[in-house]
Each structure stands twice: as C-alpha cells, then as structure tokens.
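Residues per chain, in single letters:
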Amino acid sequence: MKARDSRPGWDQYFMGIAELVAQRSTCLRRKVGSLIVKDRRILATGYNGTPSGIKHCSEAGCLRTRMKIPSGERHELCRGLHAEQNVLLQASLHGVSLKDSVLYVTNQPCIICAKMIINAGIREVVMADHYPDRMALSFLKEAKIKVRKIK
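Below is a summary of the structure that appears in this document. (Residues numbered from 1 in each chain as written. Predicted model: local features only at pLDDT ≥ 70, side-chain atom pairs only at ≥ 80, totals over all residues. Heavy atoms only, no water.)

Tallying each qualifying case throughout the model produces four aromatic pairs. When the centroid spacing of 5.6 Å and the interplanar angle of 25° are considered together, the rings of W10 and F14 count as stacked. With W10 and F14 both in helix α1 (residues 10-22) and four residues apart, the pair spans about one turn of that helix. Residue classification places W10 among the partly exposed positions, given a relative accessible area of 38%. A connected cluster of aromatic rings, assembled from ring pairs, spans W10, Y13, F14 and Y104. (Phe/Tyr/Trp six-rings, centres within 6.5 Å; stacked < 30°, edge-to-face > 60°. Helix = DSSP H or I, 4+ residues; strand = E, 2+ residues; numbered from the N terminus. Buried < 20%, exposed > 50% of the residue type's maximum accessible area, 1.4 Å probe, protein only.)

This paragraph deals with the pattern of salt bridges. Counted according to the given criterion, the structure contains five salt bridges. Ionic pairing is found between R148 and D11, a salt bridge with its closest N-O pair at 2.6 Å. Placement of R148 in strand β5 (residues 146-149) and of D11 in helix α1 is noted, with a sequence separation of 137 residues between them. On the accessibility criterion, R148 (24% relative accessible area) is partly exposed. Accessibility expressed as a relative area gives 16% for D11, which makes it buried. (Salt bridge = Lys/Arg side-chain N within 4 Å of Asp/Glu carboxyl O.)

What follows deals with the pairing of strand β2 (residues 41-47). The pairing of strand β1 (residues 33-38) with β2 spans six bridges and is antiparallel. Across the sheet, the residue bridging to L35 is T45, located in β2. Where β1 folds back on β2, the antiparallel hairpin that results is connected by two residues, among which D39 adopts a positive phi of roughly 55°. (Pairing = 2+ DSSP bridges.)

All right, on to the pairing of β5 then. Pairing of strand β4 (residues 124-127) with β5 involves four bridges; the strand directions are parallel. What sits directly across from V125, in β5, is V147. Crossover β4 to β5 through helix α6 (residues 134-142) is right-handed. (Right-handed = clockwise from strand over helix to strand, strands pointing away.)

Contact pair helix α5 (residues 111-120) / α6: the axes reach a minimum separation of 8 Å and the direction vectors enclose 15°. As judged from the angle between their axes, α5 and α6 are roughly parallel. Where α5 crosses over α6, the handedness of that crossing is right-handed. Residue-level contacts link I111, A114, K115, I117 and I118 of α5 to M135, A136, F139 and L140 of α6. The residue inventory of the contact of α5 with α6, partitioned by class, reads eight nonpolar, no polar and one charged. (Axes fitted to C-alpha atoms, helices over the stretch in contact; angles between N-to-C directions. Parallel < 35°, antiparallel > 145°, perpendicular 65-115°, else oblique. Left-handed = near helix turned anticlockwise from the far one by under 90°. Contact = heavy atoms within 4.5 Å. Nonpolar A, V, L, I, M, F, W, Y, C, P; charged D, E, K, R; others polar.)

Structure (structure tokens):
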C-alpha cells in the first residue's frame, strides 16, 4: 500500500476539522463545529456558543434546558449562536466572500441557518449528523443547494 492511500479524503479531512472546531463550543446541550471551504482552502470556522463578551452557558445556565424546550424549537431563547451563524459572521468580519463555497458542519443546519446559507451564496452543505428540522432541508433543496450526509 502506498503512503498516499492512507490519507483521508477531502470530505473526511474537512469534517475532521469541523469536529475539532466543535470542541471549542460553549453549549451545554450540543457541540457543533463548522467550516467553509472553497477550492480546498478553509475560509472560516465557527462553533456554537455565546457572542463575544457575553457569559457562557456554563456560567449563566441553559434557559432552554430549564424550560424543557425540545431540540429544534424556539431558537430565539438560546444565549448562543449556531456554528453556521458564527462561521458566516467570521467570514463577513474579515471580508471573505462565500460565493460558491462548501459548508462542512457536524450537524444539519436549522431553518434559520439554512436561510442564511442560501443568501450567503454557499453551493453545498456537507453534514455528519441530523437535526430535527425538515423545513431546513426543504429550503436548501428548493434553493438548489447540494446537501450530503457523510460519516
């Protein structure tokens, strides 16, 4: 076997990085990581957590858990931003165009993130795990954004 044969493919490589990025998450319920790639180059990374300068959930507690809100519902009651939101904001903060790029994310985007992904010009979403939001997938499909689930 050649040494080159043991290298991970591009999808596994980028998803592995997204999983590493997720380790920075400050969310108590689900750790999610994302990155945006174009021409096999990483443009930005993001993980879910509170905005800069705001207490982390580990300090303030999780309102959604206290209120017994199921996953996929009432996103506005969360202190944090989703990993997809943070990766889009990081690219914007640094003036990076995302047109025709690929988003790698450890969990399927929610409907709010799906709408942002569509308007950011991202052409493909590669995800490792599900999320209970069928509407998000239907929006991405309608917008002709390629969606793939890998593991």
